[in-house]
Structures are given as structure tokens and as C-alpha cells.
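# Chain and residue survey
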Amino acid sequence: MLSAASEVIEKALKLAEKAVLCDKCFGRFFANLGFALSNEARGSSLKTVICMIASNLLNKGDQEAVGILMNIARTGFKIARELLVKYGLNAPETSPCEVCGGLLYEPLRQLAEKAAADLLRYDFNTYLVGCRVPGRIIEKEDNLRSYLEVDWGESIKREINRETSLIIMSKTKKKPDLQKPDVLVILDFHNMVVEIKPSPIFVYGRYRKLIRGIPQSKWYCSKCRGVGCSECNWTGKRYEFSVEELITKPIIEVFEARGARFHGAGREDIDVRVLGPGRPFVVEVVEPKKRSIDLAKLQEIINEKSQGMVEVLGLSYTDRSMIGKLKLSAKVKRKTYRALVEMEEPLEKEKLEALSKFFQGVTIKQWTPRRVLHRRADKQRVKKVYEVKVVSVKDRIFEVWIKCQGGLYVKELIHGDEGRTTPSFQEVLGTKLKVLELDVLEVED
Ligand SMILES: [Zn+2]
Ligand SMILES: [Zn+2]
């Protein structure tokens, strides 16, 4: 018992002798001793005990503790200052805390209150506080800790985060959350500013692309790369509309977000429609100010604004893991396409039935299509065709439904891409084929 007592007192004396510290910084070196106690209370209690020890020595005419008493008096500690005066000694001038320089008092209170005020502009239930403090503070604290040889302490950042968190809690009545906070609050003591970073929100849905001629993602002008030039009519874009923009623009507006990232479960060519129940997608809403939006209403807004080009359905809230699932599943999911195909030599319906028979659960070997070779590596992929059904034939044109594995290039399955996709419809029918129209009818969920 006695040795434990003297250990704490010894360390406190050693610290008081070495450095001029505010109550909070002083107490922080003893942070793990005692619960429900602030570092400020720890610091001030230990300083009080030191003053009592010095007082006892001075009563016996022993001046040994005067140096330490002076150091404590420099921190502005009232008991030490009055004790010195009582024994006819001059109290020294006060000086700022050697570790925090006073940061833990007025600057902390200012930034914490600013954070609480700024947060009023955000829609959130939970928050997490972080901070940036000058390196010299951390360094000074580390040096003193190794000099003292204690492992009781906590870091100044933890103290700042905890104290700020308490101020924010009392001002906003919201709760801190270490795991999944709605907003991240960062106190930057270098520039004395507060940064608020709302966590992203993820919205899942399916889209139908009702017309041809719009790409899935925003397509920058190849000449100016988005800056704007005469070629692109100063839009910076090659196409006026894209599925991505039609869906994300209203989302950004409604959530008052900084931006949005669109993730589709695979993609279709510009000239391909997406019909039926639509293609799944996830929109990552970046730094939204609003968090609880009525998605049914949002769906209406998107569909109204996209004027029959794109339609979304089944919007729901999801999380980040859904993006990976979408990407992964896009490669293995079954998809159903509808194609309108032109034949060089007209063939009767009976002849075309060969397609249905031949392409029943057939494996296709496919080299990267020539039309995308300029941007994709040339490699062979192996994909499955599950079912082919010829729906109608009129003169040299037939309509066909194709159910196949995700990731198969369907246009190439039809015309064979000069033998790079095999087997192909063209190969089996023995006449040259041209794809007139292609639609995605269904993407399996
Ligand atoms: Zn301090
Ligand atoms: Zn341009």
C-alpha cells in the first residue's frame, strides 16, 4: 500500500519538477488511475497534495520543496501561489502549459461550440469526433511520458475527442458512435477550423432504359476531356444524357450531397435498351446533408425528370457491401436479351429453329470484341448460353430471345465477330447476320 502511494506521489513530484503543466495535462499522465474523474481533477488533486507536502516541509524550516512549489505556482495554481506568499516568498510569473500551450481550454471550447453550431445544418443521429493537433504537442507529451516512465497516461487527442464529444452531446442532444457514425467531426487546431464529413448513404434500385442512344455512364468529350470545346458544344460531354446522370442528379439535389457514385450490375451498350424489371444499381451518395429521404418520393422525382428516357424502381436503403455483391453477381447472373437480327439470305422459321436446338446450354468461347479492343485487353472468356428462342420471322428479319450468363457479349454471339466468338448464330445458320436492335429484358436478382 505504502509503496503504491509513494509511487504516485514520486511521479507527481518528478513531473512537477520537470515541467510547467496545466491541470489537464498534468492529470493526463495519471489518466488510468481512478474512474469518473476528469484529468483536470486528477491534476489539481495531485498539485494540491504536492502543496501540502511542501507546506509540511516549510513548517519545519526545510526549503527543499520550494523549487517544485515555484513550478506549480507558474501554472497559475492558486494554492501554490498563496503558500509562497505566506512564507514571504514572491510568487513567480505565470507561463503557458508546456504541452498544450492552453489549447485544451479556450481554443478547445471555441472549436467544440463551432462544431455543435455547424452540425445544425446536417441531418444526423450519431457522430464521431477526431482532431488534428500540432506535432510539437504530441512530441512534448511523448518525451515527458518516457521521462516519467509511466504507462497510466492517455494521449492528448483522446482527451480532446472526449471533451469535444461531451460538449457536442450536450448542445445537440445526439449520441457519439464509434462504429458507424452518421457524421465525422474533425477539429483542426492547425487552422482553427471544423470539418464535418457525413458518412455516405447507399441507395439500391433497378433501372429501365427506355430509349436507345444514351450511355450508362457519363461520357466525356474525347477532344477536350470534359473541359468544354466547340466539338461538344461546350458541354464537355459526348452525349447529353446518361443513365448515371439522369439518376444521380436528382439524388444529389434531394440529399444535398457533395456528389454521387453510380455502380451498375454490369452495363449495356449505348444502343441497347433495358426493359422488363430493369438492371440493379447502387448509388453511393457522397457527403449528404440530408439522411432520411422518402425514397418513394425520390423515385417519382427521378422518373419525372428523366422524361421517359430512364425509369427507376424499387429504391431502398442499403450499405457499401452491396456494391461488391453487384459487381460480383453481374458476371454470373443470368440475363435475358431480345434482339432484332437481319439475315443476308432469308431463312424460314424452321431453319431458324436450329438456333434453339443448338444453343441449349452451350459454352461459348469469346475473344474480346474488336469494337472494344482499343480499351480492353485481348483475352478469351468462356460464357454460357442457356436458352435461345426465335420469337418471330418476317422476310429477312427475325426476333430472338437469348438467356445467357452475365458478361457475354451478345452482339458478337450473333454475328461471330469474324470468328472471334464461337460458336455463333452466324456460324450455325451459315448466313451473314446483322444486329439491328438489342434490349436487356431481365437481369436476374
Ligand atoms: Zn496543458
Ligand atoms: Zn469537348
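Going by the structure above, here's the rest.
All values reported here derive from a predicted model rather than from experimental measurement.

## Overview of the sheet that holds strand S2 (residues 175-176)
Spatially, the 4 strands line up as an open sheet ordered S2-S1-S3-S4, and their pairing is mixed. Two strands bound the open sheet, and with one partner strand each, they are S2 and strand S4 (193-198). The sheet strands contacting helix H6 (residues 106-118) are strand S3 (183-188) and S4, and the helix crosses S4 at an angle near 35°. Relative to the sheet, helix H8 (residues 156-172) contacts strand S1 (126-132), S2 and S3, its axis offset from that of S1 by approximately 140°.

## Comments concerning the coordination of the zinc ion (ligand 2)
Protein-derived coordination of the zinc ion (ligand 2) comes from Cys-221 (SG), Cys-224 (SG), Cys-229 (SG) and Cys-232 (SG), at a distance range of 2.3 Å. Site description for the zinc ion (ligand 2): donor spacing in sequence, C-x2-C-x4-C-x2-C. Residue Cys-229 is classed as buried on the basis of its relative accessible area, which comes to 10%.

## Here we look at the coordination of the zinc ion (ligand 1)
The coordination sphere of the zinc ion (ligand 1) contains the protein donors Cys-22 (SG), Cys-25 (SG), Cys-97 (SG) and Cys-100 (SG), at a distance range of 2.2 to 2.3 Å. Coordination at the zinc ion (ligand 1) comes from 4 donor atoms whose angles at the metal span 104 to 115°, giving a geometry best classed as tetrahedral. Here the donor residues of the zinc ion (ligand 1) share one chain and are spaced in sequence as C-x2-C-x71-C-x2-C. Of the residues examined, Cys-97 reaches a relative accessible area of 10% and is grouped as buried.

## Quick look at the environment of Ile-247
For Ile-247, the location among the structural elements is in helix H9 (residues 243-255). What makes Ile-247 buried here is its relative accessible area of 0%. In sequence terms Ile-247 and Ala-257 are 10 residues apart; their C-alpha atoms lie 14 Å from each other. Those residues in contact with Ile-247 that lie beyond four places of it in its chain are Tyr-207, Phe-262, Phe-281, Val-283, Ile-302, Val-310 and Val-312.

The rules behind these values
Residues numbered from 1 in each chain as written. Chains lettered and ligands numbered in written order. Predicted model: local features only at pLDDT ≥ 70, side-chain atom pairs only at ≥ 80, totals over all residues. Heavy atoms only, no water. Pairing = 2+ DSSP bridges. Helix = DSSP H or I, 4+ residues; strand = E, 2+ residues; numbered from the N terminus. Contact = heavy atoms within 4.5 Å. Axes fitted to C-alpha atoms, helices over the stretch in contact; angles between N-to-C directions. Donors = N, O, S within 2.8 Å, 3.2 Å for Na, K, Ca; no water. Buried < 20%, exposed > 50% of the residue type's maximum accessible area, 1.4 Å probe, protein only. Tetrahedral: all angles 85-135°; square planar, octahedral: opposite > 155°, others 65-115°.

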